[in-house]
Amino acid sequence: MPELRKDPVLGRWVIISTERSKRPEDFSTPSSPPEKECPFCLGKENMTPPEVFSIKGNQGNWRVRVVPAKKEFIKKEGELWKKGKGPYDLINGIGYHEIIIETPNHIANMADLDESHIHDTLLTYCLRIKDIAKDERMKYVLIFKNYGFTAGGGTVKHSRSQLIATPINLKRVKEELEGSKFYFDYHERCVFCDIINQELNNKERVVLDQDGFVVLVPFAPRFPFEIWILPKRHSPDYCKISEEELWGLSRVLKKVLFKMKTLLKDPHYNYVLHTAPFRRPYPGYWSTIEEDYHWHIEITPNLSRVAGFEWGTGFYICPVLPEEAAKFLREA
Amino acid sequence: MPELRKDPIVERWVVVYTEEPFYPKDFQITPFAWKGTNNCPFCYGNEHLTPPEIEAISEVWRAPNTPNWKTRVVPNKFPALRIEGDLDKKAIGVYDFLNGIGAHEVIIDNPDHFKGIPELSDLEVEYILKSYRSRSLDLRKDRRFKYLLIFKNVGFEAGASLEHGHSQLIALPMVPKNVKEELKGAKTYYEFRERCIFCDMISFEEENGHERIIIETDNFISFCPFSSRFSFEVWIAPKEHLADFGQISDSLIKDLAKILKETLTRLKKVLGEHPYNYIIHTSPVNTEVPFYYHWHIEIMPKLTKVAGFEWGSGFYLVFTPPELAAKLLKET
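This one's a predicted model, so the numbers in the text were calculated from it and none came from an experiment.

### Quick look at the overall build of chain A
Point 1. Looking only at helices and strands, one finds seven helices and 15 strands in chain A.
Point 2. For 332 residues, the compact-globule formula gives about 20 Å, and the C-alpha radius of gyration of chain A, at 20 Å, lands near that figure.
Point 3. Judged by the C-alpha coordinates and their principal axes, chain A covers about 55 × 50 × 45 Å.
Point 4. Taken over 332 residues, chain A has a buried fraction of 46%.
Point 5. Pairs at least 24 residues apart make up 72% of the contacts formed inside chain A by residues separated by at least 6 positions.

Below, the structure is given as structure tokens:
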């Protein structure tokens with residue numbers, strides 16, 4: 001009998017389909033179109049727009065480099081305007097769209113970077129968010145990674161992340177914040193802390209528990225082999241991460257990405273950093289966010305296709321039992 | 001300058017890329033790899049390869065599960081949900097479960113393996129729509145069901161696992177999240193203005209230069225919505241305010257068949273063979289009819305990959321402004 005499971009934060013239902021239950025070897029990575037010249041390698045700096053930030057190594061070469069995206073979906077220059085047109089609302093595309101190049105070497109998958117490059121990348125996330133926070137027009141910075149062609153990573157195989165800052169709060173982020181607040185209002189506890197405690201007691205969905213982080217397959221995943229990384233220390237804001245935690249996260253992230261690569265034959269994937277929005281006091285300002293929200297990373301391998309059912313309902317059909325996925329990942 | 005546009009119904013923003021908009025040739029569309037009729041369970045003579053049929057439309061007398069049908073409805077061989085049993089709810093700690101009660105049916109559109117809706121006759125498309133209506137009216141007799149989702153996946157990348165043209169129906173024991181959001185948005189608009197948002201959108205499009213309208217008939221309009229999530233997204237809506245697709249009359253079905261076929265034909269002419277989904281958005285069943293709602297069909301071509309940004313934000317990046325898409329579709 002298939003099982004419907006509800007995400008405790010978003011209230012989103014997923015169908016765990018036991019009828020079509022799949023194993024890791026049932027998934028394959030599709031081929032990608034041919035690669036074009038890489039603009040992200042050392043020595044090709046003139047192929048990108050001028051850099052906005054970099055971390056330099058001892059020899060003076062860059063280790064991590066941030067540049068505006070060539071196809072910018074939103075731009076940072078200009079006055080923000082909002083207007084209505086009949087029943088429609090629009091605002092101009094003010095914001096930031098940047099590419100975080102994680103290594104000067106032509107390495108495709110973050111799993112193959114050494115820990116120090118992952119550390120510098122994670123540090124860059126933090127420093128860019130803090131810098132953009134000074135721009136009063138911005139409300140949120142979304143950091144994410146598209147690895148591989150089917151995950152939207154394009155044809156250039158050079159490890160990088162993206163950053164998009166927006167002048168409006170994002171729908172998905174709002175839903176998560178509201179879900180966490182709803183739980184907190186009722187229980188006076190952080191829902192993510194409760195999830196971590198329950199998972200560590202039960203262990204069947206835990207993949208890793210080290211360096212102050214818990215890696216788990218969520219109870220109600222949207223996708224097969226979906227993975228979350230949560231800090232054990234309650235904190236709503238990724239930017240408040242300590243240097244020690246940053247190194248811990250680098251080790252954990254590398255280990256998890258490497259397990260995924262081994263088990264699922266180098267799958268294409270996305271990950272998204274979920275962190276609190278900028279907290280600028282205004283009337284009706286949310287004052288419990290420090291206590292009710294908990295930053296984390298969600299990794300989603302691109303193994304199944306989102307189709308009419310998912311678009312129509314907002315529900316997902318996941319063909320792998322989360323407890324089994326966690327077991328495979330633990331052993332990988 | 002790029003534009004952020006807000007959907008007038010649900011709180012969803014899209015980013016419209018206006019600088020160098022994408023034309024059909026700019027998308028990397030993978031051509032369909034047709035496998036052929038070998039052992040296709042949806043072809044004439046292979047009726048025994050599907051579970052026993054639920055109903056069929058035929059122009060001649062025939063025994064069930066034999067050839068000579070025009071459309072045929074069968075249970076899904078690998079159902080996401082199962083029809084037997086009582087609804088059972090339980091919780092473990094922070095997590096909620098529900099057993100997978102529901103129905104999952106397949107509507108085989110036509111006996112011809114290779115024909116999509118653009119290649120069928122008007123009458124054949126009418127048969128498909130009549131099957132949708134008939135299943136919708138029959139399944140709602142089961143009081144456990146609260147929502148009947150009818151949709152279609154075409155092409156591997158849009159989630160179709162079989163290439164022979166078919167549609168699907170999933171009956172759910174609850175109103176899904178996306179539908180709830182749409183109902184809530186339509187209700188809020190109605191309470192504020194005492195008008196239907198869909199009726200307002202239709203008259204705004206008609207009165208303001210027709211720049212997003214593709215086809216207009218006596219009873220229907222097909223247009224590229226102002227806040228499309230996908231490039232070349234098209235909606236088809238009845239001009240008459242009606243919440244429930246199941247209540248559609250025979251004469252309206254005739255008209256709908258024509259505009260659906262014509263719209264999909266134009267999309268195919270402009271984009272070539274491409275993966276897409278369409279979904280019938282209609283009111284829930286076995287509950288009060290939401291008078292403020294207006295059923296319609298949303299057609300979503302899958303020309304780009306949904307990636308980290310969309311997953312993290314709930315926003316969408318649109319490469320072809322809807323006004324340009326409508327112009328190309330109108331002129332073809």
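On we go.
### Let's talk about the interface of chain B and chain A
One frequently used descriptor of interface size is the decrease in accessible area upon assembly of the parts.
Point 1. Listed as interface residues are 59 residues of chain B and, on the opposing side, 58 residues of chain A.
Point 2. When grouped by side-chain class, the residues that make up the side of chain B that touches chain A number 33 nonpolar, 14 polar and twelve charged.
Point 3. In this sheet, strand β6 (residues 95-99) of chain B lies alongside strand β1 (residues 3-6) of chain A in antiparallel orientation, the contact comprising four bridges. By the bridge assignment for β6 of chain B, Leu 4 of chain A is matched with Leu 98 of chain B.

### A short note on the packing of helix α1 (residues 115-132) of chain A against helix α4 (residues 243-263) of chain A
All names here are of chain A.
Point 1. Relative orientation of the contacting elements α1 and α4 amounts to 120°, with a least axis distance of 9 Å. When the interaxial angle is binned, α1 and α4 end up oblique. Every pair of crossing elements has a handedness; the one defined by α1 and α4 is right-handed. Across from Glu 115, Ile 118, His 119, Leu 122 and Leu 123 in α1, the residues of α4 making contact are Leu 246, Trp 247, Leu 249, Ser 250, Arg 251, Leu 253 and Lys 254.
Point 2. Residues belonging to the contact of α1 with α4 are distributed by class as follows: seven nonpolar, two polar and three charged.

Conventions we followed
- Residues numbered from 1 in each chain as written.
- Chains lettered and ligands numbered in written order.
- Predicted model: local features only at pLDDT ≥ 70, side-chain atom pairs only at ≥ 80, totals over all residues.
- Helix = DSSP H or I, 4+ residues; strand = E, 2+ residues; numbered from the N terminus.
- Rg over C-alpha atoms; globule rule 2.2 N^0.38 Å.
- Buried ≥ 20, exposed ≤ 12 C-beta atoms within 10 Å, placed from the backbone.
- Contact = placed C-beta atoms within 7 Å.
- Nonpolar A, V, L, I, M, F, W, Y, C, P; charged D, E, K, R; others polar.
- Pairing = 2+ DSSP bridges.
- Axes fitted to C-alpha atoms, helices over the stretch in contact; angles between N-to-C directions.
- Parallel < 35°, antiparallel > 145°, perpendicular 65-115°, else oblique.
- Left-handed = near helix turned anticlockwise from the far one by under 90°.

Function cannot be read off these values alone, since they describe shape.
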